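Chains, contacts and geometry: an overview
Read off the chains here:
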Amino acid sequence: MEAAVHIRGAVKQYNRKIKVLQGLDMTVTKGTIYALLGASGCGKTTLLNCIVGRRKLDAGEISVLGGKPGSRGSGVPGPRIGYMPQEIGLLGEFSVKGAIFYFGWLFGMNNKQLEERYEFLSLLLNLPPDGRYIKNLSGGQQRRVSFAAALVHGAELLILDEPTVGLDPELRHTIWEHLTSLTLDHKVTVIITTHYIEEARQAHMIGLMRQGRLLAESSPQSLLDFYKCSSLEEVFLKLSIRQSRQQGEAVGAEPEELPSPLQDIELDRIQVEPAAMKKERLIQPPQLNRMKALLVKNFIGVLRSPGEIIFVLVIPFLQIALFFLAIGGHPQGLRLAVVNHELGNYSDCAQFLKYEDSGVVLYDEEECHLAGMSCKFLARINDSIAVKDYYEDEEEALAAVRRGEAVGALLFTANFSDSLAERGRLGRDTPSPSVDSSEVHVHMDMSDEQIGIVMQALFYEEFRVMGEEIADSCNRSARAVRIPMQFKDPVYGTKYPKYVDYVAPRYIISVVYFLSTTLTTTVLITDRTDGIWDRNYVAGVTVIEAVLAHVLCQSSCVLIYSAEVIFLSLVVFGMRCQGSIITVILIICIQGISGMTYGLVISVLCSSYFMAVFIAVGSLVPFICLSGVVWPVEGMHYLLKPISLMMPCTLANHSLSHVLEKGWNLLQPQVYTGFLVSFVWIGGQLLLCLLVLRFKQ
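The rules we used
Residues numbered from 1 in each chain as written. Predicted model: local features only at pLDDT ≥ 70, side-chain atom pairs only at ≥ 80, totals over all residues. Heavy atoms only, no water. Axes fitted to C-alpha atoms, helices over the stretch in contact; angles between N-to-C directions. Helix = DSSP H or I, 4+ residues; strand = E, 2+ residues; numbered from the N terminus. Parallel < 35°, antiparallel > 145°, perpendicular 65-115°, else oblique. Left-handed = near helix turned anticlockwise from the far one by under 90°. Contact = heavy atoms within 4.5 Å. Patch = residues over 30% accessible without salt bridge, like charges linked within 9 Å, V, L, I, M, F, W, Y side chains within 5 Å. Areas by Shrake-Rupley, 256 points an atom, 1.4 Å probe, with all protein chains shown as cover. Salt bridge = Lys/Arg side-chain N within 4 Å of Asp/Glu carboxyl O. Lys, Arg positive; Asp, Glu negative; His and termini not counted. Charge placed at Lys NZ, Arg CZ, Asp CG, Glu CD. Buried < 20%, exposed > 50% of the residue type's maximum accessible area, 1.4 Å probe, protein only. Disulfide = S-S within 2.5 Å. Pairing = 2+ DSSP bridges. Core = buried A, V, L, I, M, F, W, Y, C linked by side-chain atoms within 4.5 Å. Expected span 1.5 Å × (residues − 1). pLDDT = per-residue confidence, 0-100. Phe/Tyr/Trp six-rings, centres within 6.5 Å; stacked < 30°, edge-to-face > 60°. Polar contact = N/O pair within 3.5 Å; in protein donor to acceptor, adjacent residues only side chain to side chain.

1. Some thoughts on the packing of helix α8 (residues 288-303) against helix α20 (residues 543-572)
- The N-to-C vectors of α8 and α20 enclose an angle of 45 degrees; their axes lie 9 Å apart at closest approach. The orientation of α8 with respect to α20, classified from their angle, is oblique. The chirality of how α8 crosses α20 is right-handed. Counting all contacts with α8, which are made through R290, M291, L294, L295, K297, N298, F299 and V302, the residues of α20 involved are E545, A546, L548, A549, H550, L552, C553, Q554, S556 and C557.

If you want it as structure tokens, here you go:
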């Protein structure tokens, strides 16, 4: 009879330096049930992985359905195999019916065919109600759905890894009856592993495995007769004792000498042609039916996950809203310690201005005398920004600053106004004591640099405006009291830029980039840990198809929250945009896709959620520091500048800033360079994903 599966060779899988599969010689005849029996860890699953093309032999040869797994046109992996892994291998967000339909779509079945198969399998396996989600089913119910998914497309070869675990005896009996009918009526070949040794009597052939070796291979009755045993468990016990004695282990009483229908293979006698070990499978374009199924799976995973919905819709809103509400506003509720010797007997400027004539007094047509200048200056500082606390002397005011009760101390001399007027009248000839008396002595707490700088700018600006107003009221030129430097209208930006104007475009890029990274960091890890990645591969899904489906699905999420970020920034919070809104949208969305591919790289390289999240979160601060988000690249250490310019966000940050602030278009090198670097990162990261997955495959 023709062999459906034949293996002669070895697989070396090291686990703590223990070789798992040391030698294999296995033949499965078409149209039969082959039961592979053995304890957990003996190598059954590894052997099945070789059959379905998940692993390659280290030596020897393998033939499955007349061809080598993975070879062009073999259909293995592909539609000729129905595979049920040890794990459930189903998306938790699938409904029962949706899970069956998903695998049917992978194999190119239409909805009418699937309805018929689903109705049959639902009755056969007593499946749970159609609409129940996989994640809400019991373990036994999940295994029934997983088994149905393996049967849905009527494969020539069924590979079933412990399908009856956790099922009641009646259902196990029904499954074995159905498998027997498949072999008789449809010539289907079945390879099944099981812990229930005695139920394997219903198989046509049995392979007994222990410690990575196939101890015996024959029909159940032949094994019972050959070893003169009443049960398969007794046969397995005798073979295990014989193997232990051959390996020099102490096994108790000396067993009888047993013949063996299968001799262990000497690996050095196996001749292997180098060409037989090469990957023959060619890169093929994505198939429409598989892409449809994968996209449905990925979108269902997103839409039925409340956490991802919240992440896509709510988190961007919070990130942008918090930024614009928390960053860039003038400090409020500060306190200033004031020592004003001009007040005389008055306790503060409110009393002084009420009872003293502090207006402009003209002596003649050429000069004027000014009074109460200190109070006029202090009145310009709004109490909502800084409340003025008055002290008797400088030491008390400085002590208040040292105690943290004030952000700064301002000292005005007793003849401040007169000295200021004299300074304006005499110019260079003003005596030094008058010059000193005409100055405001300021002591700031500069440990909080941002508040200190803001207050200094406020003092300069208010004093400048007050000087111009007084000069105008005294019929003097306002230009005479200005610093001898004219700041004309800026070429780009505003005369009085805010720190938020610098940070905003860079922050937006960072938010979209790392939202995308976080969203995709674990997608492939989830596929692998749930077993659905292996199951998809056995169904014929290629690495390109799997990655492309994730890219398309996650890109739609990127577009949604990128649109949300842009709307909030430009419309709700009024961020200035001098250039094309289309260019702004393109830059932000492309950076989101770049972050998404970075997340995919993490997902490919990491095997655990913890490590993936650790890398994603750990890279956030270096990215922000090196991408010029909080400080210009020009201010970095010279060794960091080249690294910064090669980061995925740095030049994109500059591009967005140039479009928003300068109105530049894509023809400007400073703009399109950011696009080019982003495309290079996207392409490079996708290529890395494919290569790593290809290598792992």
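2. Some details on a negative patch on the surface
- Together, E392, D393, E395 and E396 make up a negatively charged patch on the protein surface.
- Summarising the element assignment, E396 is placed in helix α13 (residues 394-402).
- On the basis of relative accessibility, which here comes to 37%, the residue E396 falls in the partly exposed class.

3. Let's talk about the state of the cysteines
- On inspection of all chains with the given rule, the structure shows one disulfide.
- Across a sulfur-sulfur distance of 2.2 Å, C349 and C375 are joined as a disulfide pair. Given an S-S torsion of about -80 degrees, the disulfide between C349 and C375 has left-handed geometry. With C349 in helix α11 (residues 349-355) and C375 in helix α12 (residues 373-380), the pair connects residues that are 26 residues apart, well separated along the chain.

4. A few points about the environment of M636
- Relative to the elements of secondary structure, M636 occurs in the loop between α23 (620-626) and α24 (640-646).
- Along the primary structure M636 and L626 are separated by ten residues, whereas in three dimensions their C-alpha atoms are 8.5 Å apart.
- Not counting the four nearest positions on each side in its chain, M636 is found in contact with C625, L626, S627, G628, K641 and S644.

5. Details of a nonpolar patch on the surface
- Residues F299, L303, I309, I310, L313, V314, F317, L318, L322 and I560 make up a contiguous nonpolar surface patch of roughly 870 Å² in combined accessible area.
- Listing elements by their share of the nonpolar patch, those giving two or more residues are α8, α9 (306-313) and α10 (315-326).
- Relative to the elements of secondary structure, I309 occurs in helix α9.
- For I309, a relative accessible area of 31% gives the class partly exposed.

6. As for the pattern of salt bridges
- Taken as a whole, this structure holds 13 salt bridges when the rule is applied.
- Measuring nitrogen to oxygen at the nearest pair gives 2.8 Å for the salt bridge that ties E156 to R80. On the criterion of sequence distance, the pair formed by E156 in the loop between α4 (139-151) and β6 (157-161) and R80 in the loop between β4 (59-64) and β5 (81-84) is long-range, its members being 76 residues apart.
- Using a relative accessible area of 23% as the deciding quantity, one classes R80 as partly exposed.
- Between R290 and E545 there is a salt bridge, with the nearest N and O atoms lying 2.8 Å from each other. Within this pair, whereas R290 is found in helix α8, its partner E545 is found in helix α20, the two being separated by 255 residues in sequence.
- A relative accessible area of 0% places E545 in the buried class.

7. A look at the sheet that holds strand β10 (residues 334-340)
- On the basis of which strands lie adjacent, the open sheet formed by four strands has the order β13-β10-β14-β15 and mixed pairing. The open sheet has two edge strands with one neighbour each: β13 (386-390) and β15 (441-444). Direction aside, the axes of adjacent strands within the sheet are offset by 25 degrees on average.
- Of the pairings in the sheet, the one linking β10 to β13 comprises five bridges and is parallel in character. The partner of L336 across the bridge, within β13, is K388.

8. Comments concerning the nonpolar core
- Ranked by size, the top nonpolar core spans 128 residues in total, and within it V145, L160 and L179 carry the most contacts.
- No other element matches the 13 residues that α20 contributes to this core.
- Setting aside its immediate chain neighbours within four residues, V145 contacts L90, V96, A99, I100, L127, P128, I134 and L137.
- Judged by nonpolar contacts, the second largest core, of 25 residues, contains I385, F416, L458 and C474.

9. Re helix α25 (residues 650-662)
- Between the first and last C-alpha of α25 there are 17 Å, a value that for 13 residues agrees with the 18 Å anticipated at 1.5 Å per step.
- The buried count for α25 comes to twelve of 13 residues, which makes it a mostly enclosed element.
- Among all positions in α25, only T650, L651, A652, N653, H654, S655, L656, S657, H658, V659, L660 and E661 are buried.
- In this structure, the buried residues of α25 make contact with α17 (499-520), α20, α21 (581-605), α23, α24 and α26 (669-696).
- Looking one or two places after α25, you find G663, whose phi comes out positive at around 75 degrees.

10. Looking at the confidence of the model for the protein
- Put simply, the protein has an average pLDDT of 82, and 87% of its residues get 70 or more.
- Note that residues 13-22 has pLDDT below 50 and, in this model, 26 contacts with residues that lie over four places away or in other chains.

11. A look at the packing of aromatic side chains
- Going through the model one piece at a time under the given rule, you end up with 20 aromatic pairs.
- With 4.9 Å between their ring centres and 75 degrees between their planes, Y102 and F103 make a pair best called edge-to-face. Summarising the burial analysis for this pair, Y102 and F103 share the class buried.
- Relative to F623, the ring of F514 lies with its centre 5.3 Å away and its plane at 90 degrees, an arrangement referred to as edge-to-face.

12. Regarding unusual backbone geometry
- In this structure, E162 takes a positive phi of about 55 degrees despite not being glycine.
- Positionally, E162 belongs in the loop between β6 and α5 (169-185).
- Overall, the relative accessible area of 6% leaves E162 in the buried class.
- Here K187, not a glycine, exhibits a phi torsion of approximately 55 degrees, which is positive.
- Inspection of the secondary structure puts K187 in the loop between α5 and β7 (189-194).

13. What about the pairing of β6?
- β6 sits mainly inside the fold: five of its five residues count as buried.
- The pairing of β5 with β6 spans four bridges and is parallel. Bridge pairing in β6 links G82 to L158.
- Bridging between β6 and β7 involves five bridges; their strand directions are parallel.

14. Brief notes about the environment of E217
- Considering the arrangement of structural elements, one finds E217 in strand β9 (residues 213-218).
- Under the relative-accessibility criterion, E217 is labelled buried at 18%.
- With 183 residues separating them in the primary sequence, E217 and Y34 have C-alpha atoms 9.5 Å apart.
- Polar side-chain contacts of E217 include one of 2.8 Å to the side chain of Y34.

15. Some points on the pairing of strand β8 (residues 205-210)
- Of all six residues in β8, five are buried; the element is thus mostly enclosed.
- Sheet analysis places strand β3 (residues 33-37) next to β8, joined by four bridges and oriented parallel. Directly across from Y34, in β8, lies its bridge partner M205.
- Alignment of β8 against β9, held across five bridges, turns out to be antiparallel. Across the sheet, residue R210 finds its bridge partner in β9, namely R213.

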